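Results of the structural survey
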Amino acid sequence: ACLIPPGMLGHDPGRRAQSFTNEEARKVLDSSGLELPLRLKASAHPLIQDRYGSLLTDLLSTWSEIGVDISSETSDINDYLKSWKDNEGLDLTIGRWNADYNDPDNFTFTLFHSDAGGLRRYFSSDESDRILEAARSAAEPKTRERAYRRFENLLDETRALVPLFHDVDYRLAGPRVTQLKLRGSAPYVNYQEIGRRDLSKTDREVRSTARGTIQVPIAGAVHSLDPNTSDTVEQGEAVPSIYECLLHAKGGTRMVPWLAAEFKAEKGGRVYRFRLRDDVRFHDGRRLTVRDVRSSFERILQNQECKDRWFMAPIRGAKEVLDGKAKDLSGFRIHSATEFSMELEEPVGFFPALVAWQVTAIIPEGSDPQHDKQWIGTGPFRVVNFEPGKR
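Moving on, we get to a nonpolar patch on the surface. There is a patch of nonpolar side chains on the surface, built from Val177, Leu180, Leu182, Tyr191 and Ile194 and spanning about 390 Å² of accessible area. Among the secondary structure elements, Val177 is positioned in strand β4 (residues 177-178).

With their axes 8 Å apart at the nearest point, helix α6 (residues 126-137) and helix α7 (residues 141-158) run at an angle of 155° to one another. In this view, α6 runs roughly antiparallel relative to α7, as classed from their interaxial angle. Handedness of the α6/α7 crossing: left-handed. Contacts from Glu127, Ser128, Ile131, Leu132, Ala135 and Arg136 of α6 reach α7 at Arg144, Ala147, Tyr148, Arg150, Phe151 and Leu154. Looking at side-chain class alone, the contact of α6 with α7 contains seven nonpolar, one polar and four charged residues.

Note: α-helices contain 3.6 residues per turn, so residues at a spacing of three or four share the same orientation. With 13 residues, helix α10 (residues 290-302) extends 18 Å between its outermost C-alpha atoms, agreeing within 8% with the 18 Å of an ideal straight helix rising 1.5 Å per residue. Across the 13 residues of α10, 11 count as buried, placing the element largely inside the fold. Here the buried face of α10 lies against β9 (271-276), α11 (318-322), β10 (332-334) and β11 (339-343).

Each value, and the rule that gives it
Residues numbered from 1 in each chain as written. Predicted model: local features only at pLDDT ≥ 70, side-chain atom pairs only at ≥ 80, totals over all residues. Heavy atoms only, no water. Patch = residues over 30% accessible without salt bridge, like charges linked within 9 Å, V, L, I, M, F, W, Y side chains within 5 Å. Areas by Shrake-Rupley, 256 points an atom, 1.4 Å probe, with all protein chains shown as cover. Salt bridge = Lys/Arg side-chain N within 4 Å of Asp/Glu carboxyl O. Helix = DSSP H or I, 4+ residues; strand = E, 2+ residues; numbered from the N terminus. Axes fitted to C-alpha atoms, helices over the stretch in contact; angles between N-to-C directions. Parallel < 35°, antiparallel > 145°, perpendicular 65-115°, else oblique. Left-handed = near helix turned anticlockwise from the far one by under 90°. Contact = heavy atoms within 4.5 Å. Nonpolar A, V, L, I, M, F, W, Y, C, P; charged D, E, K, R; others polar. Expected span 1.5 Å × (residues − 1). Buried < 20%, exposed > 50% of the residue type's maximum accessible area, 1.4 Å probe, protein only.

What follows is the structure in structure tokens.
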């Protein structure tokens, strides 16, 4: 959804890609008055056609279904590189950009400034030049960050660019590696501090003999592991082993931070501000982010099978989502990758108890345990197999 990748100055963790169904996209094209099908000429990077060929094929097939036919005019890397300097007769470029991930200028100024930007012939303007020049010359990081975000908003408004994906480097470590920490910028790993631990024969023996199966019989049956529909005592015992909430009930009415590192009430209880822990990962290895929290709360409101979704009605904008008039929860404000706030229509004294309730457990953005049959949480146990009503 962003030109500037995560972990870089100017990245907006709250940005969402605008997406249409094929029918909605076709209506937009029909209303434009353009004669369909549109026939556009593209310069496509050979690597995109090769390594990401299936992605490109599906992309062009989808465009063709709504009335936009794309033909690739570049046969090799030389043709593609020439098209950066001379795009006469070309309508768009489909390519990749390998930049210095320490400097957001490499994703903005270097590409789109009208004097030296590599893609300036596809997009540049006086307004964007002013924004980019202000961003690179500002002394304060927050000022630079705001400028880069203004530039991304401009790209989004003009529909000049569609980010498809960011390449991700993976670092894998085994049980012998100690003190390993991953960072958001190069070199990404604290190489000077990591060490190696020798697993003695005794350690291996303990590991091999410590394995086993714990069987916990319960009186009733668990037919679903979806936290949104967790409304039985049996689910209340099983679901929290897999999924966790922002807060945790610590006996009585005391709510303590859990996935959240801290929280506080502001504006007389009309706003609750949270900061997430930075050491939490889902079972599939993904790091917990604010976007996962936002999508989890929006899923509760949109899920027709969640009997208790009306408990979330005090959040500003929740009623519109409950009524099907909106998809985004307007009262959910993202401040950074780990900080957010929820605004309420009026103070609710037991709101912390709501976000400690198993129904509000956090699942990864885009996940749907009810339909995709993947139960991915942050809890102490990972689901290997689930037989509804049995085990």
